[in-house]
Amino acid sequence: MLEGARERRVRTGGIELCVAELGDPGRPTVVLVHGYPDSKEVWSEVASRLADRFHVVLYDVRGHGRSSAPRPLRGGFTLEKLTDDFLAVADAVSPGRPVHLVGHDWGSVQSWEFVTVERTKGRVASFTSMSGPSLDHFGHWINKRLTRPTPRRIGQLLGQGAKSWYVYLLHTPVLPELAWRGPLGKRWPGILRRLEKVPGGDYPTSSLPSDAAHGAWLYRDNVRSRLRRPRPDAHAHTPVQLITPLGDAFLSEQLYDDLESWAPLLTRRTIPAKHWVPRTRPDQLASWITEFVNSVESERKSEAGTPATAPQSKATGPYAERFGGQLVLVTGAGSGIGRATAFAFAEAGARVIAVDRDAESASRTAELSRALGAADAWAETVDVSDEQAMEKLAAKILAERGVVDVLVNNAGIGMSGSFLETTPEDWRKVLDVNLWGVIHGCRLFGRQMADRGQGGHIVNTASAAAFQPSKSLPAYSASKAAVLMLSECLRAELAGRDIGVTAVCPGLVNTNITSTATFVGVDAEEEKRRQKRSARMYGLRNYPPEKVASAILRAVVRNEAVVPVTPEAKASHALSRFAPGVLRRLARVEPRL
């Protein structure tokens, strides 16, 4: 039984379902439906995160967990009977009020039936689907590719056919039952840990062998009949949120290409994860479910003429389906590349933490981020070079907001002047911010990501100066070269934990870093003149920080290692690899400011 859950039994169609409830029954009800070969415990991590906001209901599907199995098994798992079960549970836990439905794997497959048949109208307020298509939609998807074939459609059909190898095996008589009750059932937990990186704990339960043996009839009773004769009117009568794991070994992304025609009120999300996301990414799922349910509840209250909570701003960015609801921290967010990056994540619907040592600038970035789509954006003031301050920030964010999904170590300062005129104090100043600030961020927030075990991404802002030597930038170039190599080393170390690391290397970008840069070896008046000249040169180049921000989001989506951004950065990066001697000769040139 789930810790802290209230349990009840619901009788329907000659069987008894085991139903668990968490949270306040007076709040909106969220029903979580598990897949194959799971029991309701697959949802335990998600359910515990939702319970403080909603009335959360989980039940063992017939023949699974602590629910009884139909007799005989054949014909006892049809979608019609599964719909009867759902309605019985909904009537018991939320009489007279529609529920918010969430399904994974076969829980999603059967939930598509619940939201597309006439007799469930008015009982479902919203549906969040992951890793389980409607069999009717799947049947039409196959027919379209068979009747109107193109090379691309045939390729999609063959690709999904290969991913569905297990479906064919489950249709064989007796063999699946023998395997699950024998060696496969014993080895399944280890297989999940090894291939899907599912952490241990209360899942899977000891009922796994019988759950999997009974669940084979989900496929036998439904798949062939529905794929041969899909319903023509299988349109969703409720808002749908589709969450697609990009690394799903069993389902192709292309399977959902035409889903808008079946679910007009569709919200799409993608997540860099494998199939068992309820166990590997419960934080992200809980965040997206909460956001979606709240938005639907707000709209329902508004339509009913009752006071509604303020609706969240709608994310409009190009990566909204990837970053919506994710927790993103950006240092140096008070201006320049940092502010532009915070805005880009805000437009994608992320929860943005704008960090800067200038409190007013950080607050302004957070304020504008909220206007752009990050309804949950706020500012923090910290000097990234201060180890203790960074430790307090990391602890505060963990306690109040949770683990950061994307960390952008962007804070940095500029410094110009010859090596012989650069004092130890100058070196400490630039290394404390440009290198130690990155180290503190990676160490503190990277450790939290690793401990959570749900992946994440770290972006470190280096520079084209990291691979382009210059006689006038020894301290700055050395700090950025160190950031680049640190990023490469960290990427290798964290790859096995599904944490990506990217070094972004801009060139001449129109920000205020030049107007605040230090010029060593000159008096204060000459330093101000050089700052003005540098700012003017960068202004004439006029490469906007928004383009760097776009490159950062794209790099996270693609999990890129090193990203030179501007044309001159790309040229220098290519020369560093194929003609380093050219860069060495250029390094001797005296810059004209």
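Fair warning: this is a prediction, and the values are worked out from it, not measured in the lab.

Peer 1: What is the right way to read the nonpolar core from this model?
Peer 2: Where a protein is soluble and globular, its nonpolar side chains tend to be buried together. Tyr59 and Trp106 are the most contacted members of the largest nonpolar core, which has 88 residues in total. Those residues within four positions of Tyr59 in sequence are excluded, and the remaining contacts are Leu17, Cys18, Val19, Val31, Leu32, Val33, His34, Lys40, Phe86, Val89, Gln110 and Phe114. Counting residues in hydrophobic clusters, the runner-up holds 42 residues, among them Ala394, Ile413, Val430 and Val520.

Peer 1: Got a minute to help me understand the pairing of strand 2 (residues 15–22) in this structure?
Peer 2: Walk down a regular strand and you will see the side chains alternate between the two sheet faces. By the criterion of burial, strand 2 is predominantly enclosed, with seven of the eight residues buried. Bridging between strand 1 (residues 6–12) and strand 2 involves seven bridges; their strand directions are antiparallel. From the neighbouring strand, Val10 faces strand 2, where its bridge partner is Leu17. From the end of strand 1 to the start of strand 2, which pair antiparallel, there are two residues, and Gly13 there has a positive phi angle of about 55°. Summarising the sheet, strand 2 and strand 4 (residues 55–59) pair through four bridges and their orientation is antiparallel. Each bridged residue has a counterpart across the sheet, and for Ala20 the counterpart in strand 4 is Leu58.

Peer 1: I tried to follow the pattern of salt bridges on my own but got confused; where do I start?
Peer 2: One pass over the full model with this rule turns up 37 salt bridges. The partner of Glu391 in a salt bridge is Arg443, and the shortest N-O contact between them spans 3.5 Å. One end of the pair, Glu391, is in helix 15 (residues 387–400); the other, Arg443, is in helix 16 (residues 424–452), with 52 residues separating them in the sequence. Under the relative-accessibility criterion, Glu391 is labelled partly exposed at 33%. A salt bridge links Glu425 to Arg428; the nearest nitrogen and oxygen atoms lie 3.3 Å apart. Of this pair, Glu425 and Arg428 both sit in helix 16, separated by three residues, roughly a single helical turn.

Peer 1: Help me out: how do you make sense of a nonpolar patch on the surface in this one?
Peer 2: A grouping of Trp165, Tyr168 and Leu169 is seen on the molecular surface, where their side chains present a nonpolar patch of about 350 Å² in accessible area. Tracing the backbone through its elements, the reader meets Trp165 in helix 6 (residues 165–170).

Peer 1: Which parts of the structure should I look at to understand helix 16?
Peer 2: It helps to recall that an α-helix has 3.6 residues per turn; residues three or four apart then point in one direction. Its 29 residues place the ends of helix 16 39 Å apart at the C-alpha level, agreeing with the 42 Å of an ideal helix rising 1.5 Å per residue. The axis of helix 16 is deflected most strongly, by about 40°, at Asp432. Immediately downstream of helix 16, the backbone of Gly453 shows phi near 75°, a positive value.

Peer 1: Please clarify how unusual backbone geometry should be interpreted in this entry.
Peer 2: Phi is mostly negative for residues that are not glycine, and the peptide bonds are mostly trans. Of note, the amide linkage connecting Tyr36 to Pro37 takes the cis form, showing an omega dihedral of 0°. Looking at the element boundaries, Pro37 is found in the loop between strand 3 (29–33) and helix 1 (44–50). Cis geometry is adopted by the peptide bond preceding Pro72, which originates at Arg71 and carries an omega value of -5°. Along the chain, Pro72 falls in the loop between strand 4 and helix 2 (79–93). Of note, Ser131 is a non-glycine position whose phi angle comes to about 55°, a positive value. Here Ser131 is to be found in the loop between strand 6 (124–130) and helix 4 (135–147).

Peer 1: What is the right way to look at the domain arrangement of the protein in this model?
Peer 2: Often, the extent of an interface is quoted as the loss of accessible area upon association of its parts. According to the domain assignment, the protein consists of domain 1 (6–302) and domain 2 (320–587). For domain 1 versus domain 2, the separation of C-alpha centres amounts to 41 Å. In this complex, domain 1 contributes 14 residues to the contact, which on the side of domain 2 involves 14 residues. Our count for the domain 1 to domain 2 interface comes out at three salt bridges. For the salt bridge of Asp405 with Arg281, the shortest nitrogen-to-oxygen distance reads 3.4 Å. Our count for the domain 1 to domain 2 interface comes out at nine residue pairs in polar contact (both at pLDDT 80 or more). Within the residue set of the side of domain 1 that touches domain 2, elements represented by two or more residues are strand 8 (266–271) and helix 11 (282–303).

Peer 1: Help me understand the sheet that holds strand 14 (residues 456–461), please; the structure alone is not making it clear to me.
Peer 2: The strands making up a sheet associate through backbone hydrogen bonding, with each pair oriented either parallel or antiparallel. Pairing is parallel across the open sheet formed by seven strands, whose spatial order is 11-10-9-12-14-15-17. Looking at which strands have only one partner, the edges of the open sheet turn out to be strand 11 (378–381) and strand 17 (562–564). Neighbour to neighbour, the strand axes of the sheet diverge by 15° on average, direction disregarded. Of the strand pairs in this sheet, strand 12 (residues 406–409) and strand 14 are connected by four bridges, and their pairing is parallel. Residue pairing for strand 14: Leu407 is matched across the bridge by Ile458.

Peer 1: What should I look at first to understand the side chain of Thr341 in this one?
Peer 2: Positionally, Thr341 belongs in helix 13 (residues 336–347). Discounting chain neighbours no more than four positions away, the residues touching Thr341 are Val330, Val408, Ala549 and Ile552.

Peer 1: Help me understand the sheet that holds strand 2 in this model?
Peer 2: Spatially, the eight strands line up as an open sheet ordered 1-2-4-3-5-6-7-8, and their pairing is mixed. On the outer flanks of this sheet lie strand 1 and strand 8, each paired with one strand and no other. Taken pair by pair, the neighbouring strands of this sheet meet at an average axis angle of 20°, ignoring direction. When strand 6 meets strand 7 (residues 240–245), the two strands line up parallel, connected through four bridges. Looking at strand 7, one finds that Met130 is bridged to Ile243. Each of strand 3, strand 5 (99–104), strand 6, strand 7 and strand 8 touches helix 11; the most contacted strand, strand 6, lies at about 155° to it.

Peer 1: Just to check I follow, could you spell out the environment of Asp85 for this structure?
Peer 2: Topologically, Asp85 is positioned in helix 2. Beyond its immediate stretch of four places on either side in the chain, Asp85 contacts Thr12, Ile15, Leu17 and Arg62. Here the side chain of Asp85 touches Arg62 through a polar contact of 2.7 Å, side chain to side chain.

Cut-offs used in this document
- Residues numbered from 1 in each chain as written.
- Predicted model: local features only at pLDDT ≥ 70, side-chain atom pairs only at ≥ 80, totals over all residues.
- Heavy atoms only, no water.
- Core = buried A, V, L, I, M, F, W, Y, C linked by side-chain atoms within 4.5 Å.
- Buried < 20%, exposed > 50% of the residue type's maximum accessible area, 1.4 Å probe, protein only.
- Contact = heavy atoms within 4.5 Å.
- Helix = DSSP H or I, 4+ residues; strand = E, 2+ residues; numbered from the N terminus.
- Pairing = 2+ DSSP bridges.
- Salt bridge = Lys/Arg side-chain N within 4 Å of Asp/Glu carboxyl O.
- Patch = residues over 30% accessible without salt bridge, like charges linked within 9 Å, V, L, I, M, F, W, Y side chains within 5 Å.
- Areas by Shrake-Rupley, 256 points an atom, 1.4 Å probe, with all protein chains shown as cover.
- Expected span 1.5 Å × (residues − 1).
- Bend = angle between axes of the 7 residues up to and from the residue.
- Domains from an automatic or database assignment.
- Polar contact = N/O pair within 3.5 Å; in protein donor to acceptor, adjacent residues only side chain to side chain.
- Axes fitted to C-alpha atoms, helices over the stretch in contact; angles between N-to-C directions.

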